[in-house]
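Chains, contacts and geometry: an overview
What follows is the residue order along each chain.
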Amino acid sequence: MGKEQNNSDNKKKQALKTYIKRNGSVVIFIIICIIAALFVPRFASANNLLLIVKQSAIPIIACIGMTMVLMTGGIDLSLGYTIGLCSTIVGMLVKTHEMAYIPAILITLGVGSVIGLINGFCVQSIKVPAFITTLGTGYIIYGIAEIVSHGESVNRLPKGFLAIGKTELLGLNTTVLISAIICIVFYYILHKSTFGRNLSAFGLSEPASRLSGVATARINVTVYVVSSVLAALVGILLSIDVNCAQPTMGGGGYTFEIITGAVLGGVSLFGGIGSVIGAMFGVMTIKVIGNCINLMNAAYYLYDAIMGIIILAAIIFENVKNRKL
Amino acid sequence: MSKTILKMDHITKFIFDAYGKPIRGTDVKILEDVHFDVCESEVHILIGENGAGKSTLMKILGGIIPQDEGTVELFGKEVHFTNPKQAEEMGVGFIHQELNLCPNLSVAENLFLGREITGKGNVFSKKKQMCDESRQMLMRLGFDIDPNVLVRNLSTAQQQIVEIVKAISCDSKIIIMDEPTASLTQTEIDHLFDIIRSMKKQGISIIYISHRFEELKEIGDRLTVLRDGCYVGTIDMADFSHDKVISMMVGRTLGQMYTCTHTPQKEEVLRVEGLKIGPHTEPLNLHVNKGEVVGIGGLVGAGRTEVAKSVFGARKFYGGKIIYKGEEITKPTPKSMIQKGLMYLTEDRKIEGLVLRMNIEQNITLASLSEMFKNGYIRRNEEEKASDEMIKNLNIVCTSGEQLANTLSGGNQQKVALAKWLNSKPMLLILDEPTRGIDVNAKSEIYQIIDDLAKQGVAILMISSELPELIGMSDRIYVMRRGTISAELTDREEFKQETILSHTI
């Protein structure tokens, strides 16, 4: 290889290529934003962009959990129903039972962790495929939520409780700040700690990482617990957001949206690859698309179809990308 | 000399990706001006180090990938295959190293895959007729395999046989065998050779790719050597000699292949007492001292890997006592054993040894990540330092530590897998087939590393199917048979292939 000049040029190109490959979600987000700014009236206003950030804040939390589960090569289809159950529980605790807010929230998060443990246990110890496990537990959770709430929603939650997510701080509300903190914490966990690296190794090759001393079983259960606890948090924040707690909060459609966001964020459905930045921009991209449909007064049902197209396109894109590796 | 039926001339192929598409922007050639020919009813051996281009050349012949330059002439006609089907129709059968059978179909269904015998209207296949014909085909070659059995229930050797039968039944005139004996036992190899001889008599030619020198002499008629994608030469097997072929393969005469300069110490590192590797196997005992290389020989399936994995905690424990550095280990797990300094290099580096889609650096530090984790985050520069040091010390050929492990050659992958353990400072290293499927150069480098480790006082337990390797490297040899140890050879003078073999069967 006697072509030093060529090599350094190639290196720069290679570096740009790897950057785009690693941060494809950011690139897609920017492209879609530019297109939207050009063609959709009223898109590029500060208020509208702020709205998108606010709308994205809560799903991003769920998407980070989903990203981690997808990185193991599993999937968490119960996520949306966990949101519903936790919304119901927290609503009933603070309104019907007039419980103090902190214990109520802790109990709700506890319920989330139990759901996660059950999912993780089925997947890791009984070796039920994640798809089946979480599909099953999801419906069970939904059923429980309906029973607990008698199918009714809890409206007009206490003011103090709403303040947890609705206090304005630095021009943003606390929900966005909570989401930002979670992003930072999980960025550290996924990209700077040994746990993140081991999770990635586990997702890419279970036998190799197990024989290298990675605690694969623990990781596998942990991701489901994290996903469900974050879902519980999302349940709480969503209830605050709409001032209503009900079992139909979240649901299957929400799960699908979160998975689409994660996939847009560059998660490999085959495991091993995923990032917090990806989850953030993936969700924001979806919200931009939803926002555009709204602004253009198109039929909102178009949104679901577009989500479907995105998820298919992302998977095809990933296959093509892998082929070029 | 009988007539030439295949001629490949001036074959050149640029580097390509996993799908046969050329990679843009590079002009690296994996084959350059290669010449290759096959006569009627001969066994032509194709040999070369890993990455020499043997498989690529055969893929061109099999129609799996097209050549970029050069011509292929089959039975006097120039041919251009665009897919494997065409090659098959022209009489080229390809038995891949990784078997291409559907595990959940029966033997008969596999044999007739894609050309099922169908009744009227091409709708229903005639199962019974296919079964009968399959049985006849198998019997003709002297195999007693039930065509109704699912392929996944067959042993690897039997699957290999099904592949061969399939190739013959397609009326192949040339059969390519890519390392057919890699997973066979000696008796099965002998049987395979009988088949090859009888195929020869029927006028079928065989292109035989193998690394095992002992076999070549027994079966081959001519031998072609490739090196770094170039044609080196073709010799008659009458002129075959070990050193000559090796020097053709590596381009120089090899000095001492094995290095054995260490001396074992007295201190015992591992003692295993009454270990059972299955519910019905005899218990076995073994021990390893500091700075000692202990070999474990035996046939594939004798339970060697199981012993290693039991000690390492990577499989179910059936009872026995493991005493490591004077401490009894009750519940071994890979994690706890690695922390204690006992490590296991697996025989299957692609699945168990490496995370193929991670880069070299991440693979090397995978088992010692907690050491890189200081003040709350992974120290990237320390990681890089550690991996660069390993790349240098083990002479891993790569562009940088950022290169993905799946883009490396077999020998370099093995070195990365080894580097992972070296980076975790082993006290006892179990090596399971450390040189399987890697080229001669990398082999001798790995022997050097093993010797160096032993000199530093690392205890080494080396499982190997290659007898010369066992004899050349070990201070002591255990031989295994049917799940237990059948002999312990302590005297280097006793180390002879015949002695070891006699204890394996």
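Structure shown above.
Quick look at the structure, then. (Residues numbered from 1 in each chain as written. Chains lettered and ligands numbered in written order. Predicted model: local features only at pLDDT ≥ 70, side-chain atom pairs only at ≥ 80, totals over all residues. Heavy atoms only, no water.)

Observations concerning the pattern of salt bridges
Side chains bearing opposite charge may pair, as long as their charged atoms lie close to each other. Selection rule: The salt bridge criterion pairs a side-chain nitrogen of Lys or Arg with a carboxyl oxygen of Asp or Glu, the two atoms within 4 Å. Where helices and strands are cited, they refer to DSSP runs of H or I of at least four residues and of E of at least two residues respectively, numbered from the N terminus. Using a 1.4 Å probe on the protein chains alone, a residue whose accessible area is under 20% of its type maximum counts as buried, one over 50% counts as exposed, and one in between counts as partly exposed.
All chains considered together, the criterion is met by 22 salt bridges over all chains. For B:E433, the salt bridge goes to B:R304, with nearest N and O atoms at 3.4 Å. Of this pair, B:E433 sits in the loop between strand 19 (428-432) and helix 16 (440-455) while B:R304 sits in helix 9 (residues 304-312), and the two are 129 residues apart along the sequence. Each of the two residues, B:E433 as well as B:R304, counts as buried. For the salt bridge of B:R380 with B:E361, the shortest nitrogen-to-oxygen distance reads 3.1 Å. Taken together, the positions of B:R380 in helix 14 (residues 380-393) and B:E361 in helix 12 (residues 360-364) put the pair 19 residues apart, joining distant regions of the chain. We classify B:R380 as partly exposed; its relative accessible area is 41%. Bridged by salt links that share partners, the residues A:R197, B:E361, B:R380, B:E383 and B:E402 form one connected network.

Focus on helix 4 (residues 127-140) of chain B
All names here are of chain B. The criterion, for reference: By this rule, a helix spans an expected 1.5 Å times one less than how many residues it contains. Directions from the helix axis toward the C-beta atoms define the arc.
Between the first and last C-alpha of helix 4 there are 20 Å, a value that for 14 residues agrees with the 20 Å anticipated at 1.5 Å per step. Every buried residue belonging to helix 4 is among M130, C131, S134, M137 and L138, and all of these are buried. Summarising the axial view, the buried residues of helix 4 lie within an arc of 130 degrees, below the 170-degree limit, and thus occupy one face. In helix 4, the exposed positions that point more than 90 degrees away from the buried face belong to K128, Q136, M139 and R140. Immediately downstream of helix 4, the backbone of G142 shows phi near 80 degrees, a positive value.

Topic: the pairing of strand 4 (residues 69-74) of chain B
Residues and elements named next belong to chain B. Basically, it comes down to this: Two strands make a pair as long as DSSP finds a minimum of two bridges between them.
Pairing of strand 1 (residues 4-14) with strand 4 involves five bridges; the strand directions are antiparallel. In the sheet register, D9 faces strand 4, and the bridge partner there is T71. Taken together, the three bridges between strand 4 and strand 5 (residues 77-79) define a ladder with antiparallel strand orientation. Across the sheet, E73 pairs through a bridge with E78, a residue of strand 5. Here strand 4 folds back onto strand 5, and the loop between the two strands holds two residues, one of which, F75, carries a positive phi near 50 degrees.

What about the nonpolar core?
Residue and element names in this part refer to chain B. Test applied: Within this scheme, the nonpolar core is defined by two criteria: the residues are buried Ala, Val, Leu, Ile, Met, Phe, Trp, Tyr or Cys, and they are joined through side-chain atoms within 4.5 Å. Residues are treated as being in contact if the distance between any of their heavy atoms lies within 4.5 Å.
Ranked by size, the top nonpolar core spans 125 residues in total, and within it I196, M199, L223, L270, L286 and L429 carry the most contacts. No other element matches the eight residues that helix 16 contributes to this core. If we ignore the near neighbours within four places in the chain, the residues touching L223 are H44, I45, I47, L216, G233, T234, I235, M237, F240 and V245.

Observations concerning unusual backbone geometry
At A:E98, a position not held by glycine, the phi torsion is positive, near 50 degrees. Structurally, A:E98 can be placed in the loop between helix 4 (79-96) and helix 5 (101-124). Non-glycine residue B:H10 carries a positive phi angle of around 50 degrees. By secondary structure assignment, the location of B:H10 is in strand 1.

Regarding helix 5 (residues 156-169) of chain B
Residue and element names in this part refer to chain B. Under the 1.5 Å per step criterion, the end-to-end length of helix 5 is 20 Å for 14 residues, consistent within 8% with the ideal 20 Å. Along helix 5, 11 of the 14 residues are buried, which leaves the element largely enclosed by surrounding structure. Contact partners of the buried residues in helix 5: strand 6 (92-95), helix 3 (107-111), helix 4, strand 7 (174-178) and helix 6 (186-201). Just past helix 5, the residue D171 takes up positive phi, approximately 60 degrees.

Examining the sheet that holds strand 11 (residues 268-275) of chain B
Strand pairing in a sheet relies on backbone hydrogen bonds, with the paired strands running either antiparallel or parallel. Residue and element names in this part refer to chain B. Quick reminder of the rule: Throughout, an axis means a line fitted to C-alpha atoms (over the contacting stretch in the case of helices), and angles, computed between N-to-C directions, take values from 0 to 180 degrees.
Ordered by their spatial adjacency, four strands build an open sheet running 12-11-14-15, and the pairing between neighbours is antiparallel. At either end of the open sheet lies a strand with only one pairing partner, and these are strand 12 (284-289) and strand 15 (327-329). Between one strand and the next, the sheet's axes are offset by a mean angle of 15 degrees, whatever the strand orientation. Relative to strand 15, strand 14 (residues 321-324) is paired through three bridges, and the arrangement is antiparallel.

Here we look at the interface of chain A and chain B
Formally: In short, buried area is how much 1.4 Å probe accessible area vanishes from two parts on joining, totalled over both. In the analysis that follows, any N or O atom pair within 3.5 Å is treated as a polar contact, provided that within protein one partner can donate a hydrogen and the other can accept it, and provided that, for residues neighboring in sequence, both atoms belong to side chains. Residue type decides the class: Asp, Glu, Lys and Arg count as charged, Ala, Val, Leu, Ile, Met, Phe, Trp, Tyr, Cys and Pro as nonpolar, and the leftover types, Gly among them, as polar.
Taken together, the contact pairs 25 residues of chain A with 32 residues of chain B. Surface buried jointly by chain A and chain B totals about 2400 Å² across both partners, of which 62% is contributed by carbon and sulfur atoms. Here B:E383 ties to A:R197 by a salt bridge, and the two come within 2.6 Å at their closest N and O atoms. Between the two partners, chain A and chain B, sit five residue pairs in polar contact (both at pLDDT 80 or more). Broken down by secondary-structure element, the contributors of at least two residues to the side of chain A that touches chain B are helix 9 (194-204), helix 10 (206-211) and helix 14 (302-323) of chain A. Ranked by residues supplied to the side of chain A that touches chain B, first place goes to helix 9 of chain A with six residues. Across the side of chain A that touches chain B, the residue classes break down as 10 nonpolar, nine polar and six charged.

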